[in-house]
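Fold and geometry: a report
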Amino acid sequence: SLVFSYKEKTYEPFHIWEINTDGTELRQLTRGPYHDFSPVYYPDGRIIFTSSRVESYSMCQNYLACALYAIKPDGSDLRRFDYTTLCTLTPAVLQDGSILCTRWEYQDKNIFGGQGLWTVCPNGRQLKLYHGNTFRIPNAVYGAREIPGTRTAIVVWAGHHTTPLGDLAIVD
């Protein structure tokens, strides 16, 4: 199966959907007035994703805040497991079972130091800095994915408050 985010109409929120690889059995897994996006499969069958269900906004501009959530494969048992002050984005599963993600927050840095890479267990425990609170330029990391068989990740480095387009880099 493939899991993805999609919205049926322009002014509706994104939701999590799943479809068989042969194109059959399209099914919507999340509903409601929230944006659900960046889904990934967790090895135990759950789906980890980012959602605006936190019902708050960024402290420095008019963007929705978001956090990490998990659901069972049938869309039931929705649980938030990430409690950030602003946003957690683009989850990816690491070989050790933790979730690699981008966190946008202002802990131990100023407003211009953007998003760093963090890891968190899918039960919300063991939040750890993976890389990033000490670099200045570029000041945002997007779409980090672990390189299989290594302890490194490939990322897109770009500016904070800009389109997430930039250079590819390897972070260890």
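Right, let's walk through the structure included here. (Residues numbered from 1 in each chain as written. Predicted model: local features only at pLDDT ≥ 70, side-chain atom pairs only at ≥ 80, totals over all residues. Heavy atoms only, no water.)

Quick look at the side chain of T102 now. Residue position: T102 is located in strand 9 (residues 99-104). A distance of 3.0 Å separates a polar side-chain atom of T102 from the backbone oxygen of V141. (Helix = DSSP H or I, 4+ residues; strand = E, 2+ residues; numbered from the N terminus. Polar contact = N/O pair within 3.5 Å; in protein donor to acceptor, adjacent residues only side chain to side chain.)

Attention now moves to the pattern of salt bridges. By the definition in use, this model includes five salt bridges. R53 is paired through a salt bridge with D36; the nearest N and O atoms lie 2.8 Å apart. In this pair, R53 is assigned in the loop between strand 5 (47-51) and strand 6 (67-71) and D36 in strand 4 (residues 36-41), connecting sequence segments 17 residues apart. Note on R53: relative accessible area 16%, which makes it buried. A salt bridge links D44 to R46; its shortest N-O distance comes to 2.9 Å. Its relative accessible area of 48% is what places D44 among the partly exposed residues. Classification of R46 by relative accessible area gives partly exposed; the value is 24%. (Salt bridge = Lys/Arg side-chain N within 4 Å of Asp/Glu carboxyl O. Buried < 20%, exposed > 50% of the residue type's maximum accessible area, 1.4 Å probe, protein only.)

So, on to the sheet that holds strand 3 (residues 27-28). The strand order 1-2-3 describes an open sheet built from three strands, whose pairing is antiparallel. Looking at strand neighbours, the two that pair on one side only are strand 1 (2-6) and strand 3, the edges of this open sheet. In this structure, strand 1 lies alongside strand 2 (residues 15-19), joined through five bridges in antiparallel fashion. Residue pairing for strand 2: Y6 is matched across the bridge by H15. (Pairing = 2+ DSSP bridges.)

In this structure, I16, I47 and C87 are the most contacted members of the largest nonpolar core, which totals 15 residues. Of all elements in the fold, only strand 5, strand 6 and strand 8 (87-93) reach the threshold of two or more residues within this core. Per element, the largest residue contribution to this core is three residues, and it comes from strand 6. Excluding anything up to four places from it in sequence, C87 contacts L64, A65, C66, T102, R103 and W104. (Core = buried A, V, L, I, M, F, W, Y, C linked by side-chain atoms within 4.5 Å. Contact = heavy atoms within 4.5 Å.)

Within a regular strand, the side chains alternate between the two sheet faces. Strand 8 sits mainly inside the fold: six of its seven residues count as buried. Across five bridges, strand 8 lies against strand 9 in antiparallel orientation. By the bridge assignment for strand 9, V93 is matched with I99. Counting the residues that bridge the hairpin from strand 8 to strand 9 gives five residues, and of these G97 lies at a positive phi of roughly 90°.

Right, let's get into the sheet that holds strand 11 (residues 128-131). An order of 8-9-10-11 is seen for the four strands of this open sheet, with the pairing classed as antiparallel. Bordering the open sheet on either side are strand 8 and strand 11, each of which pairs with just one other strand. Pairs of neighbouring strands in the sheet enclose a mean axial angle of 35°, with direction left out of account. Note that strand 10 (residues 116-120) and strand 11 share three bridges and pair antiparallel. In the strand pairing of strand 11, T119 is matched with K128. (Axes fitted to C-alpha atoms, helices over the stretch in contact; angles between N-to-C directions.)

Another point: the layout of surface pockets. Of the voids in this model, the second largest pocket is the one considered here, and its volume is about 280 Å³. As for the second largest pocket, its lining consists of 13 residues, of which L94, D96, S98, Y130 and R151 are closest to the centre. Contributions of two or more residues to the lining of the second largest pocket are made by strand 10 and strand 11. A class-by-class count of the residues in the lining of the second largest pocket yields four nonpolar, five polar and four charged. (1 Å grid on protein atoms, 1.4 Å probe; cavity = no way out; pocket = protein on both sides within 12 Å on 5 of 7 lines; lining within 4 Å. Points joined across faces, edges and corners; volume = space filled by probe spheres on them. Nonpolar A, V, L, I, M, F, W, Y, C, P; charged D, E, K, R; others polar.)

None of the figures reported here should be taken as evidence of function without further support.
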